[in-house]
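Descriptive structure summary
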Amino acid sequence: MAVPTPHGAPDHPTVPPRVPPELAELLRTNLAAVADEVEEEVRRQVPEYARPADGAYRQNLRSGVVQALTLFVDHIADPRDDAGAIAATYYELGRGEALEGRSLDALQSALRVGGLCAWRQMGRTAEELGLDSAVVAALGELAFRTVHEVAQAAASGYAEAQLRSSDELERRRKRLLDLLLEDGPVAPEAVQDLAHSARWPVPRTVAVVALAAAPDRREEDRPLAAAGALVDMGSRPPRMLVPDPEGSGGIGGRAFTLALRGRPAAIGPAVAVTEAAQSLRLATRALGLMGRGVLPRQGVVRCTEHLSTLLLHGDESLLERLQARVLAPLDAVSAGQRDRLAETLLAWLLSGSNVPDVAVRLHIHPQTVRYRLRQLEKHFGDALHDPETRLDLILALRAEALLARQD
């Protein structure tokens, strides 16, 4: 139960207090009355403890007061007395306060108020017995030691409960994130139940952010600042589920980009909570395309701005079959000529067959465009004017142009 020792609190006095051991029995006879006054004073001065004096709470508070006073008296009877049992009691008291949601400040205030009240009562008893000032001073030192010891134990219990509570909360949030991102249907009732236990308000919509691996391992385990986000930095790729992404505290602003510290990321579309796996699927696909250079390698890529690219690369093997079939006529030309013809054909299809627009787009003379179009008609024939073939050509050529960015 190691906690920092308050300034001026001696852990092991070099000279035992000069208090007559027989004084312990005299003080012990008044212990119940003093406990009553201490309990009442704590209730009066510390608002967090001013609750109805009945039930288990009353028993715990009363037990804590009696245990502390007993420790004080036992110190008088035998300064070498082992206070392990008392420490354990206050350790549990500290844990209980943390689990009740009260602050450590409230507990420390109660200990100070209770210690001062007990010292006043027992100090008066010592004066009534005519003890000299040295003995009264020794009693004060013992009172200070007692408050310090019980405060140490309570603070340790409080800290452990907070740590365990935090760890348990993280475990519940991890389970909630796994539930939301698993494949298959997600029951809204299961989400509500687990979200309640994880203290996570269920939002209207969510978006999943897939993150590139951190270049610095020290950054790998540091979750990005995002209010209410569910984070799993241990997954591959690391991911975040952000509530209400389109709201004022979401991921559309400059603050989120700055929080990434230059780390590439792909943001999935905003979806209903029970459809979060879809957002993850697209964000992961986009991140993979970023790594290949199909999408920008750096910065933040928002899937909603690249839906056609994501669609094209949703099934790579199917895309390759499409390209092999519709672009087969270009296999008959040289590599250099093929690239020029493919570039011209895509620009022509996208510009509505407008030669001047193609020339402007490619920065070439219109006559050059017409020459290339004659070459294309020679290889493709009437297929260039078939609506379905034109659509297939646009998809195949668009995918090819995106893949060319990798070079």
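Structural notes, computed from the coordinates. Keep in mind that what you see is a predicted model, and the values were worked out from it rather than measured.

Turning our eyes to something else, we now look at the packing of aromatic side chains. Taken as a whole, this structure holds 0 aromatic pairs when the rule is applied. The side chain of Arg390 reaches across the aromatic face of Trp348, ending 5.1 Å from its centre.

Turning our eyes to something else, we now look at unusual backbone geometry. Pro237 follows Arg236 through a cis peptide bond whose omega is 0°. Relative to the helices and strands, Pro237 is located in the loop between β2 (230-232) and β3 (239-243). Phi at Arg199 is positive, roughly 55°, even though this residue is not glycine. Assignment of secondary structure puts Arg199 in the loop between α7 (188-197) and β1 (205-211). Classification of Arg199 as exposed rests on a relative accessible area of 59%. Positive phi values are uncommon outside glycine, yet Ser353 reaches one of about 65°. Examined against the element boundaries, Ser353 turns out to sit in the loop between α13 (335-350) and α14 (355-362).

Before going further, it helps to examine the pattern of salt bridges. Evaluation of the coordinates by the stated rule reveals 10 salt bridges. With a shortest N-O distance of 2.7 Å, Arg44 and Glu41 are connected by a salt bridge. Residue Arg44 and its partner Glu41 are both found in helix α2 (residues 31-45); the two are separated by 3 residues, about one turn of the helix. When its relative accessible area of 57% is taken as the criterion, Arg44 is described as exposed. Across the pair Glu92 and Arg95 runs a salt bridge whose closest N-O atoms are separated by 3.3 Å. With Glu92 and Arg95 both in helix α4 (residues 84-100) and 3 residues apart, this pair spans about one turn of that helix.

Conventions used here
Residues numbered from 1 in each chain as written. Predicted model: local features only at pLDDT ≥ 70, side-chain atom pairs only at ≥ 80, totals over all residues. Heavy atoms only, no water. Phe/Tyr/Trp six-rings, centres within 6.5 Å; stacked < 30°, edge-to-face > 60°. Lys NZ or Arg CZ within 6 Å of the ring centre and 35° of its normal. Helix = DSSP H or I, 4+ residues; strand = E, 2+ residues; numbered from the N terminus. Buried < 20%, exposed > 50% of the residue type's maximum accessible area, 1.4 Å probe, protein only. Salt bridge = Lys/Arg side-chain N within 4 Å of Asp/Glu carboxyl O.

Nothing here speaks to function; it is geometry throughout.
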